[in-house]
Amino acid sequence: MGGLEVTLGGDAGQLPVPNQGGQILPIGLGADHSEGHDTGLLRRRRELGGPVPALHQQTVDRSFPHHRQRGGIGGVPSGGNPVGRGRQDQGEHHTSIVGRRRCGEPRRKPSADRYNRTLMHRVRFAPSPTGYLHIGSARTFIFNWLFARKNNGTTILRIDDTDAGRNTDASLRSIYDGLNWLDLAWDEHYRQSERLELHGKLAWAIFDKGLAYRDFTPAHSGDDTPDERKGAWLFNPGMPDMPRAESDRRAAAGEPFVLRFRSPRGTGHTIRFTDGVYGEQAKQADDVEDFALLRSNGMPTYHMASCADDADLRITSIIRGQDHLSNTFKHVLIFDALGASAPEFAHLPLLIAPDGAKLSKRKHGPVVSVLTYRDAGFLPHTYVNFLCLLGWSPKNDREVMTRDELVAAFSLAGVNRANAVVNFTDADPVDPKAVWLNSQHLRAWPLAELAPLVRQTLESKGLEADADEAAFARKIDVLRSRYATLEDFAAKGRPYFSDIVEMEPEALAKLDVPGARELLRELSPKLAALPEYTEQTVEAEVRALAAGRGVKAGVIINGARAALTGQHAGPSAFAVFACVGRDRAVRRLAGV
RNA sequence: GGCGCUAUCGUCUAAGGGUUAGGACAAGGCCCUCUCAAGGCUUAAAUACGGGUUCGAAUCCCGUUAGCGCUACCA
């Protein structure tokens, strides 16, 4: 397999692989090609008569009958019920364990062998470390994870780092940080830079079959002006007709070249596959250019590395952004050339900005980073929940869902086809619906799990979280009913967790009610003298004082909230007394 | 330019030929109330446009327009 310079990424493996649930497999050939791993699909493919010779002659049907089909049976357009927009299905019922049995059929206990052969779903999330973890990437990961969970499958994290020039450690770290924050574990982990040998081997195998050729044309950048490319849809026409002998000679002489796939143009071939979301897809091979497999430095391109790994890692379902929908035709070609069975594909609608443009850091700032939401005080699960709702619907009007509910409800059949707008503005980088969702989860979240998160938030802001767990939990419980994010505990919650009280103008107004300050100052020593300081005893004291002076209790109540917190809005004043604590309450009342 | 994909309230979405086109966020109003939230009730708000097919179209077909994606030795 000459010609390939294998450059193992210098720092490969240096970064700590996160503490995610899964085992960390030794990088390398994740799965062998022995018969033992052969799946029904692969067998079926081989029975089709060997993919390579068949490639240019026949149209290979890649429909996956157990998957969602929109439109007629098998996607065949039939008079009154064409393929178009029809939605059918059953989708996931046919991909899940349970769904495999027919209605009414008693559940069979699958044997281990049966399980492995027919029910093993393997999905992968393959980010490239060239930026921070993008909100769209996070969503792709979540959908993959959900799909795997739902179908009892395996989630694989694969770092697609074949573009050494653009990879950064900071980016890798951001991906792991973001993924760890989401708290969704993966089961296996790989780095493409450690599998270059495989990519090269498979690329040259394609070359050996005559399905790829060396192209010695100098690199042509894609940045040309539109008029420069008028009429020519092919940037790089390649050198498909160069005799093998000349090609070998020039390569041997050290002339740089890219390895190009020989697209079956002019054969009338139609490339087809069934997308789990977009349905039947077809494209004339004539419309597919001779794309590169190997760069002149020997590194594989995305298409090559991705397909080689998907085949080698026995990925069964590729769930990724719709920006790869067009690329999938190339991938189908590669899988065919490899003699591998193609996985099933499902493409997700893209996340876009309110202006309709795709989300980019340059144009839209920090919204695009997952870490923005983390830093804004969102619960990880809120973010998961929120992202699920962008482009997917359980179709039952449910929106606030736990993780288990999401898994139970998830189905590719619920995935929408139109791009979804993430609703944000320059003033507020966060989608208002996400804020609302967070407030919902914040109220329902188990206190035991919430407390450490609040504690962390407070401490990172230099505030004092209560040492007493029970007291701390009670405070959180009181406050969370009117907070929306963890950050609110540090911002609005400051007077509850520190000695700092900033008076709002509206709060001052409450104190300026005639007689209020005097009453509050009078209340202070009474509270100090209370044998027991609780919501009840404080309330009794307050009401007694009001009655004794012949004023409405509201004067003291609202004044007290203002005096204790500096805020005019907040929890029930008596809850505030309890939360602030006796010492601070007495002091703050006295100083009013 | 070529190819592919998409089009329901401001935003996320439901409705798979027959509904007053439903829900949620955001916005307005009312109730509740010790403030503010929450909660309950409520108002306003949409089928891009034009042709078909059909007794009947948001839904199926065609076209137009618009947006997005791919068209790189990026992924």
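Our subject in this report is the structure included herewith. (Residues numbered from 1 in each chain as written. Chains lettered and ligands numbered in written order. Predicted model: local features only at pLDDT ≥ 70, side-chain atom pairs only at ≥ 80, totals over all residues. Heavy atoms only, no water.)

## Description of the packing of helix α15 (residues 447-460) against helix α16 (residues 469-480)
Selection criterion: Only C-alpha atoms enter the line fits that serve as axes; for helices the fit covers just the stretch in contact. Angles between N-to-C directions range over 0 to 180 degrees. A run of DSSP states H or I qualifies as a helix once it reaches four residues; a run of E qualifies as a strand once it reaches two. Both are numbered from the N-terminal end. Working definition: roughly parallel below 35 degrees, roughly antiparallel above 145 degrees, roughly perpendicular at 65 to 115 degrees, and oblique for all remaining angles. When checking whether two residues touch, look at their non-hydrogen atoms; a contact exists if any pair is within 4.5 Å. Residue type decides the class: Asp, Glu, Lys and Arg count as charged, Ala, Val, Leu, Ile, Met, Phe, Trp, Tyr, Cys and Pro as nonpolar, and the leftover types, Gly among them, as polar.
In the contact formed by α15 and α16, the axes pass within 10 Å of each other and the chain directions differ by 90°. The angle between α15 and α16 falls in the class roughly perpendicular. Residue-level inspection shows Leu447, Leu450, Ala451, Val454, Arg455 and Leu458 of α15 in contact with α16, the latter providing Glu469, Phe472, Ala473, Ile476, Asp477 and Arg480. Classifying every residue of the contact of α15 with α16 gives 8 nonpolar, no polar and 4 charged.

## Describing the nonpolar core
Rule in force here: Residues belong to one nonpolar core when they are buried, are Ala, Val, Leu, Ile, Met, Phe, Trp, Tyr or Cys, and are joined through side-chain atoms within 4.5 Å. Only protein chains enter the accessibility calculation, which uses a 1.4 Å probe; a residue whose area is less than 20% of its type maximum is buried, one above 50% is exposed, and one in between is partly exposed.
In this structure, Leu182 and Ile206 are the most contacted members of the largest nonpolar core, which totals 96 residues. Residue contributions to this core peak at 9 residues, all from helix α4 (residues 135-150). In contact with isoleucine 206, not counting residues within four places along its chain, are Leu211, Ala212, Phe261, Leu293, Met304, Ile334, Ala337 and Leu338. Counting residues in each nonpolar core, the second largest holds 46 residues, with Leu511, Ala553, Leu564 and Phe574 among its members.

## What to know about the pattern of salt bridges
Going by this rule: By salt bridge we mean one thing: a side-chain nitrogen of Lys or Arg within 4 Å of a carboxyl oxygen of Asp or Glu.
In the structure shown here, the tally under the stated rule is 31 salt bridges. Between arginine 214 and aspartate 248 there is a salt bridge, and its shortest N-O distance comes to 2.8 Å. Of this pair, arginine 214 sits in strand β4 (residues 212-215) while aspartate 248 sits in helix α7 (residues 244-252), and the two are 34 residues apart along the sequence. A residue is classified by how much of its surface remains accessible, and arginine 214, at 10% relative accessible area, is buried. Assessed through its relative accessible area of 30%, aspartate 248 is described here as partly exposed. Salt bridges sharing common partners tie together Arg124, Arg158, Asp160 and Asp310.

## What about the pairing of strand β7 (residues 279-284)?
For clarity, the cut-off: Strands qualify as paired when DSSP identifies two bridges or more between them.
Sheet topology places strand β6 (residues 270-275) next to β7; 6 bridges connect them, and they run antiparallel. In the strand pairing of β7, aspartate 275 is matched with glycine 279.

## Thoughts on the packing of helix α21 (residues 535-549) against helix α22 (residues 553-565)
For the record, the criterion: Each crossing gets its handedness from the near helix: less than a right angle anticlockwise from the far helix is left-handed, clockwise is right-handed.
Packing of α21 against α22 brings their axes to within 8 Å, and their N-to-C directions diverge by 135°. Compared by their axis directions, α21 and α22 come out oblique. α22 is crossed by α21, and the crossing has right-handed handedness. Of the residues in α22, those touching α21 at Val542, Arg543, Leu545 and Ala546 are Ala553, Ile556 and Ile557. Split by residue class, the contact of α21 with α22 holds 6 nonpolar, no polar and 1 charged.

## Thoughts on unusual backbone geometry
In terms of backbone geometry, most residues other than glycine have negative phi values and most peptide bonds are trans. Not every positive phi belongs to a glycine, and asparagine 152 is a case in point at roughly 60°. Take asparagine 152: it is sitting in the loop between α4 and β2 (154-159). Taking the relative accessible area as the measure of exposure, asparagine 152 reaches 38% and is therefore partly exposed. The phi dihedral of aspartate 397 is positive, around 70°, even though this residue is not glycine. Tracing the sequence through the fold places aspartate 397 in the loop between α12 (380-388) and α13 (403-409).

## Some points on the sheet that holds β4
Read across the sheet, 3 strands follow the order β4-β5-β8 without closing on themselves; strand pairing throughout is antiparallel. Edge positions in the sheet fall to β4 and β8 (292-294), since each has one partner strand and no second. Pairs of neighbouring strands in the sheet enclose a mean axial angle of 40°, with direction left out of account. As defined by bridge partners, strand β5 (residues 258-261) adjoins β8 across 2 bridges and the pair is classed as antiparallel. Residue pairing in the sheet places arginine 260 in a bridge with alanine 292 of β8.

## Overview of the packing of aromatic side chains
Defined as follows: Only Phe, Tyr and Trp rings take part, Trp by its six-membered ring, and two of them pair if their centres are within 6.5 Å. Stacked means planes under 30 degrees apart, edge-to-face means over 60, and tilted covers everything else.
Within this structure, the stated rule accounts for 19 aromatic pairs. With 6.1 Å between their ring centres and 80° between their planes, tryptophan 204 and phenylalanine 257 make a pair best called edge-to-face. Taken together, the residues span a long stretch of sequence, with tryptophan 204 in helix α6 (residues 196-208) and phenylalanine 257 in the loop between α7 and β5 at a distance of 53 residues. Of the residues examined, tryptophan 204 reaches a relative accessible area of 4% and is grouped as buried. Taking the relative accessible area as the measure of exposure, phenylalanine 257 reaches 13% and is therefore buried.

Shape is all these values report; function is a separate question.
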